Amino acid sequence: MALSKRIIKETQRLAEDAVPGISAVPHDDNLRYFDVTIDGPSQSPYEGGVFKAELFLPDDYPMTPPKIRFLTRIYHPNIDRLGRICLDVLKSNWSPALQIRTILLSIQALLGAPNPDDPLANDVAQAWKQDEQAAIATAREWTEKHAKP
Amino acid sequence: MKFGHVFKETLRNEGFPPEWVDSAISYSQLKKCINRLTDELAQVGLNPSTLGTLLKQVEDYNASTEQNDDQDRPFEYILAGDDSAGLPREHRKPFHPKLLFYVDEATGEVHSAKLDEDTRSKLQMLAVATGVSQLRVYEEPDQQSIASKDSVDPPSPPGGVNSASGIRKRPGYRTVEIPLTSDTEFFAKLTSQLSGLEALQDKEEKRMHAQIEELGKQVAHLTDPDKRLNKKLIPVWRQIFQIYIESGIFFGTTERDHKAHDADKAAQRFLEFSDKIARQGLVEKFKKPESLQALNSFMHVNREILQGLRFGQINHMAMLKILKKFDKQTALGVKSTFPKQIEFPEFSEHLAKAVCAEVNTQVISHVPLLDDYSCPMCMELKWRPVKLRCGHVFCIRCLIVMQTNKQHKCPLCRELTVVDANSANLDLELADFLKKWFPDEVKAKQKYNELMAGIDQYGEVYKEKCNVM
């Protein structure tokens, strides 16, 4: 299927007008598949870490949301062991007017504001609710261990 | 190379209008003023090294005791006239700077209040050794204060030089003003030149305003979509303006670069812009002399903004350099306080901003750009445009797909407005506008929409052309 003008434009703008702290580069052999990196937001336990993710645009994008998953291990109540992300705009609240850049920004914001009341990783969410300070310390440890280049 | 030389060369070689060159900061004259001032200071025994050592002694002492108190300075250099800073510029008095020493009334020692005995005596020795003690020669005799010199009370009513307004009173000490004239001359010259620069800027802005307005009329005429002759030229103008906006010549437009550019960067961006339109062969597409002339005057306006930017920048630099020189030659420490008293008329900030805004509203806005009329979903031209009940407009194709997918909410506001959109929602007015300004894009999108409608109806095998042959 030919690449839509929309995907071409988005890819162009991601390269020319990059969002600080976020990168998304398409594969040469599959322009719907992107290598993504997201910098951990400052003043969060993920600060200083660079988190890798993969992003795929399905055939009916933008009518359906992009599929995205973290590749770097991350200790976060809304991200599970497999890197899957629990975020409304990636599922029920997706809108075809959203874009790759806006979604990645939302994910970066999610790192800065974990939401243990709507968990995907149950154990992490529980730890977060029981002892937030300890959970944050663990998240920092994981960042140090997995997300440092 | 010395800055004075560089400044002169730049003024001569950058092709500034003679009127601008005349209004530029006269660096060499100001330099001569400084030289005269150093002579004056030397005559009273205050060469820069003496003043510098005096200052340094005190600063070292402050640093060693981790305090920083101006009260300890043995002398003070006041740029009087700052109390009128709130007044409009033309009412402001010219600077009348004062060099004041604080001298102990009893001993004639140079004042440095919180210094210990040791440092003070060192200072005193230094003062004597370098001839600062001659200061008293200029002291006006004041019977009253001598009479009260033993009392701890605040000193006598001010007399003579003490009466100058805005001078802090220090009990037990007398202020001595060193009579200087070249510094007054220096600041008077500098301030009058700055207001000259400001007047020039106002004038230039008005002139360019008229020029841009004229250019705007020209472009409007050349891109009138109702004239058949213009048809081929509208896309060319559109492309040029699109590249112009993307080049972000005077201001960055991306996330990483969103500030005003300095003259060098703007010049470089402008070069890239002209290269790009040349490479794409856009200039050759203008056959008629009026079109070429309009393009030339568009380029000219931009070059003028660039020149104004550079002129402002180099003058600002000249001002900073001359103040630095002033400090170096006299050790009076004026550079840090001066710019607060009078701001430099910012060509870079002001003229460029105002003129760029005008280029945008008066010239570029005549040609609608594709980005402003593209559908937020497919990012192609919104053809045919459908306006939902919530007021948001999309192309018909994207909305048909949404309705088929049972996606009922508006992509922009999430209101349930997609579900009940029908032919009554077609935005006919916008459709006319798009047909007029983007005929080629409308044609292409129309073809695509028909193809997709066929596929919807007959399945993937549908082709836009009949293949029976």
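These figures come from a predicted structure and were not determined experimentally.

**Details of the UniProt feature "domain: RING-type" (unreviewed entry) in chain B**
Logical step 1: With numbering matched to this structure, UniProt assigns "domain: RING-type" (unreviewed entry) to residues 375–414 of chain B.
Logical step 2: Between the C-alpha atoms that bound residues 375–414 of chain B the distance is 16 Å, and the span itself is 22% helix and 15% strand.

**Comments concerning the packing of aromatic side chains**
All names here are of chain B.
Logical step 1: Under the defined criterion, the tally for this structure stands at 23 aromatic pairs over all chains.
Logical step 2: Ring geometry for Phe-433 and Trp-437: centres 6.4 Å apart, planes at 45°, overall tilted. Taken together, the residues span about one helical turn, with Phe-433 and Trp-437 both in helix 14 (residues 428–437) at a distance of four residues.
Logical step 3: Residue Phe-433 is classed as partly exposed on the basis of its relative accessible area of 28%.
Logical step 4: Every member of this aromatic cluster is reached through a ring pair, and the members are Trp-237, Phe-241, Tyr-244, Phe-270, Phe-273, Phe-286 and Phe-298.

**Considerations on the layout of surface pockets**
Logical step 1: Roughly 1,400 Å³ of volume is contained in the largest pocket.
Logical step 2: Of all the elements in the fold, those that place two or more residues in the lining of the largest pocket are helix 1 (5–16) of chain A together with helix 8 (233–247) and helix 9 (263–279) of chain B.
Logical step 3: Top element by residues in the lining of the largest pocket is helix 8 of chain B. It accounts for eight residues.
Logical step 4: Taken together, the residues that form the lining of the largest pocket break down as 11 nonpolar, 10 polar and 14 charged.
Logical step 5: When residues of the lining of the largest pocket are assigned to domains, at least three map to each of domain 2 (219–367) and domain 3 (372–468) of chain B.

**Points about the pairing of strand 4 (residues 67–70) of chain A**
Successive residues of a regular strand alternate their side chains across the two faces of the sheet.
Residues and elements named next belong to chain A.
Logical step 1: The alternating pattern of strand 4 places Ile-68 and Phe-70 on a buried face, while none of Lys-67 and Arg-69, on the opposite face, is buried.
Logical step 2: Inspection of the sheet shows strand 3 (residues 50–56) paired to strand 4 by four bridges, in the antiparallel sense. Bridge pairing in strand 4 links Ala-53 to Phe-70.

**Some words on the interface of chain A and chain B**
Logical step 1: Taken residue by residue, the interface counts 20 residues in chain A and 19 residues in chain B.
Logical step 2: Between chain A and chain B lies a buried interface of about 1,600 Å² when both sides are counted; carbon and sulfur atoms form 54% of it.
Logical step 3: Seen at the junction of chain A and chain B, the total is one salt bridge.
Logical step 4: For the salt bridge of Asp-371 of chain B with Lys-9 of chain A, the shortest nitrogen-to-oxygen distance reads 3.0 Å.
Logical step 5: Across the contact surface, chain A and chain B share six residue pairs in polar contact (both at pLDDT 80 or more).
Logical step 6: The element best represented in the side of chain A that touches chain B is helix 1 of chain A, accounting for five residues.
Logical step 7: Looking at side-chain class alone, the side of chain A that touches chain B contains nine nonpolar, four polar and seven charged residues.

**A short note on the pattern of salt bridges**
Logical step 1: In this structure the tally under the stated criterion is 21 salt bridges over all chains.
Logical step 2: Notably, a salt bridge pairs Asp-17 of chain A with Arg-13 of chain A, separated by 3.6 Å at the nearest N-O pair.
Logical step 3: Here Arg-13 of chain A falls in the partly exposed class, since its relative accessible area comes to 39%.
Logical step 4: Linking Lys-189 of chain B and Glu-185 of chain B is a salt bridge whose minimum nitrogen-to-oxygen distance equals 4.0 Å. With Lys-189 of chain B and Glu-185 of chain B both in helix 7 (residues 182–222) and four residues apart, the pair spans about one turn of that helix.
Logical step 5: Using a relative accessible area of 23% as the deciding quantity, one classes Lys-189 of chain B as partly exposed.
Logical step 6: The class for Glu-185 of chain B is partly exposed, based on a relative accessible area of 32%.

**Observations concerning a positive patch on the surface**
Logical step 1: A surface patch of like charges, here positive, comprises Lys-2, Lys-321, Lys-324 and Lys-328 of chain B.
Logical step 2: Along the chain, Lys-324 of chain B falls in helix 10 (residues 289–330).

**Quick look at helix 1 of chain A**
Residues and elements named next belong to chain A.
Logical step 1: Between its first and last C-alpha, helix 1 extends 16 Å over 12 residues, near the 16 Å set by a 1.5 Å rise per residue.
Logical step 2: Within helix 1 the residues assigned to the buried category are Arg-6, Ile-7, Glu-10, Thr-11 and Leu-14. Projected onto a plane normal to the axis of helix 1, the buried residues spread over an arc of 130° and lie on a single side. Those residues of helix 1 that are exposed and angled more than 90 degrees off the buried face are Ala-15 and Glu-16.

**A closer look at the packing of helix 9 of chain B against helix 10 of chain B**
Residue and element names in this part refer to chain B.
Logical step 1: Direction vectors running N to C along helix 9 and helix 10 enclose 165°, while the axes themselves pass 9 Å from each other. In terms of axis orientation, helix 9 runs roughly antiparallel to helix 10. Seen from above, helix 9 lies across helix 10 with left-handed handedness. Contacts from Ala-263, Asp-264, Ala-266, Ala-267, Phe-270, Phe-273, Ser-274 and Ile-277 of helix 9 reach helix 10 at Phe-298, Met-299, Asn-302, Arg-303, Leu-306, Leu-309, Arg-310 and Gln-313.

**Side note on the packing of helix 13 (residues 396–404) of chain B against helix 15 (residues 439–458) of chain B**
All names here are of chain B.
Logical step 1: Contact pair helix 13 / helix 15: the axes reach a minimum separation of 10 Å and the direction vectors enclose 20°. As far as their axial angle goes, helix 15 and helix 13 are roughly parallel. Between helix 13 and helix 15, the residues in contact are Ile-396, Arg-397 and Ile-400 and Tyr-448, Asn-449, Met-452, Ala-453 and Asp-456, respectively.

**Observations concerning helix 8 of chain B**
Residues and elements named next belong to chain B.
Logical step 1: Between the first and last C-alpha of helix 8 there are 21 Å, a value that for 15 residues agrees with the 21 Å anticipated at 1.5 Å per step.
Logical step 2: Buried residues dominate helix 8, accounting for 11 of its 15 residues.
Logical step 3: Along helix 8, the positions that sit buried rather than exposed are Leu-233, Ile-234, Val-236, Trp-237, Arg-238, Ile-240, Phe-241, Gln-242, Ile-243, Tyr-244 and Ser-247.
Logical step 4: Phi turns positive one or two residues past the end of helix 8, at Gly-248, with a value near 45°.

**Things to note about the environment of Glu-441 of chain B**
Residue and element names in this part refer to chain B.
Logical step 1: Here Glu-441 is to be found in helix 15.
Logical step 2: Glu-441 sits in the partly exposed class, given a relative accessible area of 26%.
Logical step 3: As for Glu-441 and Leu-370, which are separated by 71 residues in sequence, their C-alpha atoms are 9.1 Å apart.
Logical step 4: Excluding residues that lie within four positions of it along the chain, Glu-441 makes contacts with Arg-238, Leu-370 and Leu-381.

The rules behind each value
- Residues numbered from 1 in each chain as written.
- Chains lettered and ligands numbered in written order.
- Predicted model: local features only at pLDDT ≥ 70, side-chain atom pairs only at ≥ 80, totals over all residues.
- Heavy atoms only, no water.
- UniProt positions renumbered as here; feature names shortened; annotations may be inferred.
- Helix = DSSP H or I, 4+ residues; strand = E, 2+ residues; numbered from the N terminus.
- Phe/Tyr/Trp six-rings, centres within 6.5 Å; stacked < 30°, edge-to-face > 60°.
- Buried < 20%, exposed > 50% of the residue type's maximum accessible area, 1.4 Å probe, protein only.
- 1 Å grid on protein atoms, 1.4 Å probe; cavity = no way out; pocket = protein on both sides within 12 Å on 5 of 7 lines; lining within 4 Å.
- Points joined across faces, edges and corners; volume = space filled by probe spheres on them.
- Nonpolar A, V, L, I, M, F, W, Y, C, P; charged D, E, K, R; others polar.
- Domains from an automatic or database assignment.
- Pairing = 2+ DSSP bridges.
- Contact = heavy atoms within 4.5 Å.
- Buried area = accessible area lost by both parts, 1.4 Å probe.
- Salt bridge = Lys/Arg side-chain N within 4 Å of Asp/Glu carboxyl O.
- Polar contact = N/O pair within 3.5 Å; in protein donor to acceptor, adjacent residues only side chain to side chain.
- Patch = residues over 30% accessible without salt bridge, like charges linked within 9 Å, V, L, I, M, F, W, Y side chains within 5 Å.
- Areas by Shrake-Rupley, 256 points an atom, 1.4 Å probe, with all protein chains shown as cover.
- Lys, Arg positive; Asp, Glu negative; His and termini not counted.
- Charge placed at Lys NZ, Arg CZ, Asp CG, Glu CD.
- Expected span 1.5 Å × (residues − 1).
- Arc of directions from axis to C-beta.
- Axes fitted to C-alpha atoms, helices over the stretch in contact; angles between N-to-C directions.
- Parallel < 35°, antiparallel > 145°, perpendicular 65-115°, else oblique.
- Left-handed = near helix turned anticlockwise from the far one by under 90°.

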